[in-house]
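As a plain string of letters, each chain reads:
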Amino acid sequence: KWVRDHCTVPPLKKGSAPNSETADDRGEMLGQSFLDTMTIAKEQECPLYTDDFGTKMLAQNDFGVAGFWTQVMLMAALADKQVSEEEHNDAVLELIRLKYRHTTISGQVILYAAKKSNWSNTDRFAEVLETLRGTQMELRSAIGVLVEFMFMLWQQPILDFQRDTPVMAALDVLADQRDDRVVVRIMRIAVTARFRMAPLTESRVQQVISAWEALRMKPGMIGLQ
């Protein structure tokens, strides 16, 4: 709707339209509208806005057309104060809900989702955690994001069980399809480094990790009540 209300649709100039067997093959593979859009972007000297990685790379490599995608636009809008942090976080959560792949998340986004889910492993918080499941995300990067979330979580004026529940849920997802012992070892090191100026809080966080580790060793027990 915004595009229809605010954008113009330039025609594809006849002289710049692809006219070759290669172009025909591309049009059949991609769809003619995709091919025409890349050509118009080149002709108008505009960047191509697309969330499809394959389209963006083909436009860049074969047409010399630079591209950007939604999350980069959101980051730029936040940096320029065109959107608030809350609006930015809501948009990121919506990308995750819509199953956009490779959506970058931060500890702040996870904390925001936890707040919206009332500190329970439901709704938006559960959806955000799913982005950390499995081996697609590099383990140390995922742990770095989670530890930053935990650091901010312990600054919230909430009860202990409201902190324990999201941390336990996060560890469950992080350890899925991974070695529990490796996850715990790296997590403990990262917690020690991040909480070095708050030793009492670090001790409490390490206790939660120990409780999770003990529960993982007991069949049929998956969390705290």
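Residues numbered from 1 in each chain as written. Predicted model: local features only at pLDDT ≥ 70, side-chain atom pairs only at ≥ 80, totals over all residues. Heavy atoms only, no water.

### A closer look at the environment of Arg 194
Piece 1. Considering the arrangement of structural elements, one finds Arg 194 in helix 11 (residues 180-194).
Piece 2. Each C-alpha atom, one on Arg 194 and one on Gly 144, is 9.2 Å from the other, the two residues being 50 residues apart in sequence.
Piece 3. Once you skip the residues sitting within four places of it in the chain, Arg 194 turns out to touch Val 147, Glu 148 and Phe 151.
Piece 4. Here the side chain of Arg 194 touches Glu 148 through a polar contact of 2.8 Å, side chain to side chain. (Helix = DSSP H or I, 4+ residues; strand = E, 2+ residues; numbered from the N terminus. Contact = heavy atoms within 4.5 Å. Polar contact = N/O pair within 3.5 Å; in protein donor to acceptor, adjacent residues only side chain to side chain.)

### Notes on the packing of helix 10 (residues 160-175) against helix 11
Piece 1. Between helix 10 and helix 11, whose axes approach to 9 Å, the crossing angle comes to 130°. Taken as axis vectors, helix 10 and helix 11 run oblique relative to one another. The handedness of the crossing between helix 10 and helix 11 comes out as right-handed. Each of Leu 171, Leu 174 and Ala 175 in helix 10 lies in contact with helix 11, whose residues at this interface are Asp 180, Val 183 and Met 187. (Axes fitted to C-alpha atoms, helices over the stretch in contact; angles between N-to-C directions. Parallel < 35°, antiparallel > 145°, perpendicular 65-115°, else oblique. Left-handed = near helix turned anticlockwise from the far one by under 90°.)

### Focus: the nonpolar core
Piece 1. One finds Leu 146, Phe 149 and Met 187 to be the most contacted residues of the largest nonpolar core, which totals 49 residues.
Piece 2. Residue assignment for this core shows that the elements contributing at least two residues are helix 6 (85-97), helix 7 (107-116), helix 8 (123-130), helix 9 (139-153), helix 10, helix 11 and helix 12 (199-216).
Piece 3. Considering each element in turn, this core owes the most residues, eleven residues, to helix 9.
Piece 4. In this structure Phe 149 touches Gly 107, Ile 110, Leu 111, Ala 114, Phe 125 and Pro 166, once residues within four positions along its chain are discounted. (Core = buried A, V, L, I, M, F, W, Y, C linked by side-chain atoms within 4.5 Å. Buried < 20%, exposed > 50% of the residue type's maximum accessible area, 1.4 Å probe, protein only.)

### Things to note about the packing of helix 5 (residues 70-79) against helix 6
Piece 1. Their axes nearest at 10 Å, the elements helix 5 and helix 6 cross at an angle of 170°. Relative to helix 6, helix 5 is oriented roughly antiparallel. In this structure, helix 5 uses Thr 70, Gln 71, Leu 74, Met 75 and Leu 78 to contact helix 6, whose residues at the interface are Glu 85, His 88, Ala 91, Val 92 and Leu 95.
Piece 2. Tallied by class, the residues present in the contact of helix 5 with helix 6 amount to six nonpolar, three polar and one charged. (Nonpolar A, V, L, I, M, F, W, Y, C, P; charged D, E, K, R; others polar.)

### Thoughts on the side chain of Thr 50
Piece 1. Here Thr 50 shows up in the loop between strand 1 (48-49) and helix 4 (53-63).
Piece 2. A polar side-chain atom of Thr 50 sits 3.0 Å from the main-chain amide nitrogen of Asp 52.
Piece 3. Beyond its immediate stretch of four places on either side in the chain, Thr 50 contacts Thr 55, Lys 56, Phe 68 and Trp 69.

### Looking at the confidence of the model for the chain
Piece 1. Here the chain averages 89 in pLDDT, and 90% of its residues register 70 or above.
Piece 2. Confidence, read as mean pLDDT per element, is least for helix 2 (residues 21-30) in the chain (66) and greatest for helix 7 (97).
Piece 3. The model gives residues 221-225 a pLDDT under 50, and that stretch makes six contacts with residues more than four places away or in other chains. (pLDDT = per-residue confidence, 0-100.)

### Notes on the environment of Leu 171
Piece 1. Looking at the element boundaries, Leu 171 is found in helix 10.
Piece 2. Exposure remark for Leu 171: the relative accessible area of 2% places this residue in the buried category.
Piece 3. Distance from Leu 171 to Ile 209, taken between C-alpha atoms, is 8.2 Å for residues 38 residues apart in sequence.
Piece 4. Apart from residues lying up to four places away in sequence, Leu 171 is in contact with Met 187, Ile 209 and Trp 212.

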